[in-house]
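What the coordinates show
Each chain, written out:
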Amino acid sequence: MLNFIIFGTPGAGKGTQAELIAKEYGLFHLSTGQALRQELESGELGSEIKQYVDQGILVPYELIVKMVNKAIAKNINCPGFIFDGYPRSLSQAEALQNFFEENDLHLDAVINLEIGEEEAKKRIILRGKTSGRSDDNPETISTRFHTYHEQTKPLLDYYQASKKIINIDGEPDIEAVAKNIDQEIEHIKKPLQ
Ligand code: AMP
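Attention in this report is confined to the structure presented alongside it. This one's a predicted model, so the numbers in the text were calculated from it and none came from an experiment.

Side note on the sheet that holds strand β1 (residues 2–7)
Read from one edge of the open sheet, 5 strands run β2-β3-β1-β4-β5, paired in parallel fashion. Looking at strand neighbours, the two that pair on one side only are β2 (28–31) and β5 (165–169), the edges of this open sheet. On average, each strand axis in the sheet is inclined to that of its neighbour by 20°, with strand direction left out of account. Bridge count between β2 and strand β3 (residues 80–84): 4 bridges; the pairing is parallel. The residue of β3 that forms the bridge with Phe28 is Phe81. Relative to β3, helix α4 (residues 61–74) is tilted by about 155°, and along the sheet it contacts β2 and β3. Sheet contacts for helix α9 (residues 174–189): β1, β4 (109–114) and β5; angle to β5, the most-contacted strand, approximately 155°.

And the structure:
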């Protein structure tokens, strides 16, 4: 099994790259943001979630962890997972670690997409024109970056301790970034073969 976390600021390209990696290696792409947006549209928890997503702050821990653990358990027989937008806080990282240990799973790497904040904001504004996402507006974007710096970025230290981080320049075009990620994954896969 291959298990990855794709990490980075909002607008770094996590969703795009996660989708490509998932396709290439047959992994299950677990995007909490996407799952929450689906729930907003049709699920019974929609009204509870909306206030958090629209503000750009984290949805409560219990709700997210339950949702993620259920999705992992349901797809446990797939060749691996790529977590996109999860974990986003230290407590979520610990919950993932516990779940992995309880289920005899292993995290292979945290792929950290590095991109300047101005470039990331430009990309989100551009995406906002077609995404229909209620949180792709200037005010919410600013809060999302604040949330990232306060609660999510500290996870880099958490994963640095276990030497799991792979830094990737997220600024080049989609294909170039994908190629660099691929090369890193091939390095990781080799010792397994
Ligand atoms: P994303 O699509 O990853 O940018 O996520 C959009 C929004 O969904 C975030 O701004 C949060 O409000 C919420 N969200 C996504 N993932 C998480 C998570 N792991 N924990 C808490 N809230 C989340």
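Some details on the pattern of salt bridges
Inspection of the entire model under this criterion finds 9 salt bridges. The shortest N-O distance in the salt bridge between Arg133 and Asp136 comes to 3.9 Å. Here Arg144 makes a salt bridge to Asp135, at a shortest N to O gap of 3.8 Å.

Brief notes about the packing of helix α1 (residues 14–25) against α9
The N-to-C vectors of α1 and α9 enclose an angle of 50°; their axes lie 10 Å apart at closest approach. Classified by the interaxial angle, the pair formed by α1 and α9 is oblique. Note on packing geometry: the crossing formed by α1 with α9 is right-handed. Note on element contacts: α9 touches α1 through Ile174, Val177, Ala178, Ile181, Asp182, Ile185, Glu186 and Lys189, opposite Thr16, Gln17, Leu20, Ile21, Glu24 and Tyr25.

Describing the site of the ligand
Taken together, 17 residues lie around the ligand, and Thr32, Arg37, Ile57, Gly85 and Gln92 are the ones closest in. Within the side chain of Thr32, one N or O atom sits 2.8 Å away from a nitrogen atom of the ligand. Take Ile57: an N or O atom from its main chain is 2.7 Å from an oxygen atom of the ligand. Listed by contribution, the elements that provide at least two residues to the shell around the ligand are α2 (32–42) and α3 (46–55). The element that contributes the greatest number of residues to the shell around the ligand is α2, accounting for 4 residues.

With respect to the side chain of Thr9
Mapped onto the elements of the fold, Thr9 is located in the loop between β1 and α1. For Thr9, a relative accessible area of 10% corresponds to the buried category. Discounting residues that sit within four places of it in the chain, Thr9 has contacts with Lys14, Ile115, Ala120, Phe145 and Tyr148.

Observations concerning the environment of Ile115
Considering the arrangement of structural elements, one finds Ile115 in the loop between β4 and α6 (117–131). For Ile115, a relative accessible area of 13% gives the class buried. On a C-alpha basis, the gap between Ile115 and Glu171 in space is 5.5 Å, while along the polypeptide they are 56 residues apart. Residue contacts for Ile115: discarding those within four places in its chain leaves Thr9, Gly11, Ala12, Ala120, Arg123, Gly170 and Glu171.

Reading the values: rules and limits
Residues numbered from 1 in each chain as written. Predicted model: local features only at pLDDT ≥ 70, side-chain atom pairs only at ≥ 80, totals over all residues. Heavy atoms only, no water. Pairing = 2+ DSSP bridges. Helix = DSSP H or I, 4+ residues; strand = E, 2+ residues; numbered from the N terminus. Axes fitted to C-alpha atoms, helices over the stretch in contact; angles between N-to-C directions. Contact = heavy atoms within 4.5 Å. Salt bridge = Lys/Arg side-chain N within 4 Å of Asp/Glu carboxyl O. Parallel < 35°, antiparallel > 145°, perpendicular 65-115°, else oblique. Left-handed = near helix turned anticlockwise from the far one by under 90°. Near = heavy atom within 4 Å. Polar contact = N/O pair within 3.5 Å; in protein donor to acceptor, adjacent residues only side chain to side chain. Buried < 20%, exposed > 50% of the residue type's maximum accessible area, 1.4 Å probe, protein only.

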